[in-house]
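Listed here are the chains, written in short residue letters.
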Amino acid sequence: MRHLIAGNWKMNGLAAEATALAEAVAQGASAVSADLVVCPPATVLARVAQSLAGTPVGVGGQDCNAAASGAHTGDIAAAMLRDCGATWVILGHSERRADHHETDDMVRQKVRAATEHGLVPIVCVGETEAQRQAGRHAETVGWQIAGSLPKDFAGVLAYEPIWAIGTGRTPTEAEVAEMHGFIRGELRRQLGAAGQAVRILYGGSVKPANAAALMALPEVGGALVGGASLMAADFLGIARAAGALSKPGAGG
Ligand code: PEP
């Protein structure tokens, strides 16, 4: 299966720069053997989706509310993301879990709403540095998977150790391989056969320089990229590194 490289632009990009970035990604996309998605801020989502229409680059939101509509000031419904041209959505990112006190239960409800409205959810899980130092990383992620994914989950899971996000630090290759193997086992145990089809992305300080080594690890089906997704050359460099690898297996 091809790797999926998803760019999380977070709270970055006014109209002109977002459009220019999207166009630069689209220009390089056809030469890359990986699936590409960009997740711009909501304010430029429709504009970015328009400029990417007809290209192989997908567009996603960075969050959605679990409700279909109503009194949720400042929030965005899954149907609104679809209406803007998105077909993907990041859910349960650690920054939302921290800044907006999102729980696994809330994330699971958002996953349901996203799926009902035709969006592919990219659900984020990952341990804090303290949890890793205490040897509780696998247990933490196991509980997050159990709480955040509905039993009929058909989306993407992103393993993002919180201490690796935006820090320039990554786990060792052995640590990434260990966690992805553990996550695959949990997905199979918790979701049954459907757990084999879930793509597992690694996220946390992925750059062109470390992408090939990380993407080649067993059960790594792609990357969720923050900082490096804001530069088209870096994002495409990661995608090229991933695209140069091919792996057997549905989830791989
Ligand atoms: C992220 O926020 O999802 C992320 C992986 O960020 P970065 O690549 O900057 O570590």
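Residues numbered from 1 in each chain as written. Predicted model: local features only at pLDDT ≥ 70, side-chain atom pairs only at ≥ 80, totals over all residues. Heavy atoms only, no water.

## Focus on the side chain of Arg132
Relative to the assigned elements, Arg132 resides in helix 6 (residues 129-133). Contact partners of Arg132, with chain neighbours within four places excluded, come to Glu127, His137, Tyr159, Trp163, Glu175 and Met179. (Helix = DSSP H or I, 4+ residues; strand = E, 2+ residues; numbered from the N terminus. Contact = heavy atoms within 4.5 Å.)

## A short note on the site of the ligand
Not every one of the 14 residues close to the ligand is listed here, only the nearest: Lys10, Glu160, Gly166, Ser205 and Gly226. One of the backbone nitrogen or oxygen atoms of Gly166 is found 2.7 Å away from an oxygen atom of the ligand. Gly226 places a main-chain nitrogen or oxygen 2.8 Å from an oxygen atom of the ligand. When isolated, the ligand has an accessible area of 290 Å², and the protein chains bury 97% of it. Its residues assigned to classes, the shell around the ligand shows four nonpolar, eight polar and two charged. (Near = heavy atom within 4 Å. Polar contact = N/O pair within 3.5 Å; in protein donor to acceptor, adjacent residues only side chain to side chain. Areas by Shrake-Rupley, 256 points an atom, 1.4 Å probe, with all protein chains shown as cover. Nonpolar A, V, L, I, M, F, W, Y, C, P; charged D, E, K, R; others polar.)

## Structural notes on helix 5 (residues 104-116)
Compared with the 18 Å implied by 1.5 Å per residue over 13 residues, the 18 Å span of helix 5 between its first and last C-alpha is a close match. Buried within helix 5 are the following residues: Val107, Lys110, Val111, Ala113 and Ala114. End-on, the buried residues of helix 5 take up no more than an arc of 165°, which puts them together on one face. Contact partners of the buried residues in helix 5: helix 3 (78-84), strand 4 (88-91), helix 4 (94-99), strand 5 (120-125) and helix 7 (137-148). (Expected span 1.5 Å × (residues − 1). Buried < 20%, exposed > 50% of the residue type's maximum accessible area, 1.4 Å probe, protein only. Arc of directions from axis to C-beta.)

## Things to note about the sheet that holds strand 1 (residues 4-8)
The strand order around the closed barrel formed by eight strands is 1-2-3-4-5-6-7-8, and the pairing between neighbours is parallel. The mean inter-strand angle of the sheet, taken between neighbouring strand axes irrespective of direction, is 25°. With respect to the sheet, helix 5 is in contact with strand 4 and strand 5, its orientation differing from that of strand 4 by roughly 175°. (Pairing = 2+ DSSP bridges. Axes fitted to C-alpha atoms, helices over the stretch in contact; angles between N-to-C directions.)

## A look at the nonpolar core
The biggest cluster of nonpolar side chains holds 63 residues, and the ones touching the most others in it are Ile5, Leu36 and Val48. The element that contributes the greatest number of residues to this core is helix 10 (residues 232-243), accounting for seven residues. Beyond its immediate sequence surroundings of up to four residues, Val48 is in contact with Trp9, Ala18, Ala22, Val38, Pro40 and Val59. Within the second largest apolar cluster, twelve residues are counted, among which are Ala6, Val37, Cys39 and Cys124. (Core = buried A, V, L, I, M, F, W, Y, C linked by side-chain atoms within 4.5 Å.)

## Overview of the pairing of strand 7 (residues 199-203)
Every other side chain in a regular strand lies on the same face of the sheet, so the side chains alternate between the two faces. Most of strand 7 is tucked away: five of the five residues are buried. Taking every second residue as pointing to the same face, both faces of strand 7 are buried, with Arg199, Leu201 and Gly203 on one and Ile200 and Tyr202 on the other. For the crossover from strand 6 (residues 156-159) across helix 8 (residues 173-191) to strand 7, the handedness is right-handed. When strand 7 meets strand 8 (residues 222-225), the two strands line up parallel, connected through two bridges. Bridging from a neighbouring strand, Gly203 pairs with Leu224 of strand 8. In this fold, the crossover linking strand 7 to strand 8 by way of helix 9 (residues 208-215) has right-handed handedness. (Right-handed = clockwise from strand over helix to strand, strands pointing away.)

## Let's talk about unusual backbone geometry
One non-glycine residue with positive phi stands out, namely Lys10, at about 50°. Position of Lys10 among the secondary structure elements: in the loop between strand 1 and helix 1 (15-29). A residue is classified by how much of its surface remains accessible, and Lys10, at 21% relative accessible area, is partly exposed. Unlike most non-glycine residues, His101 shows phi in positive territory, near 50°. Secondary-structure assignment places His101 in the loop between helix 4 and helix 5. You can call His101 exposed: its relative accessible area is 62%.

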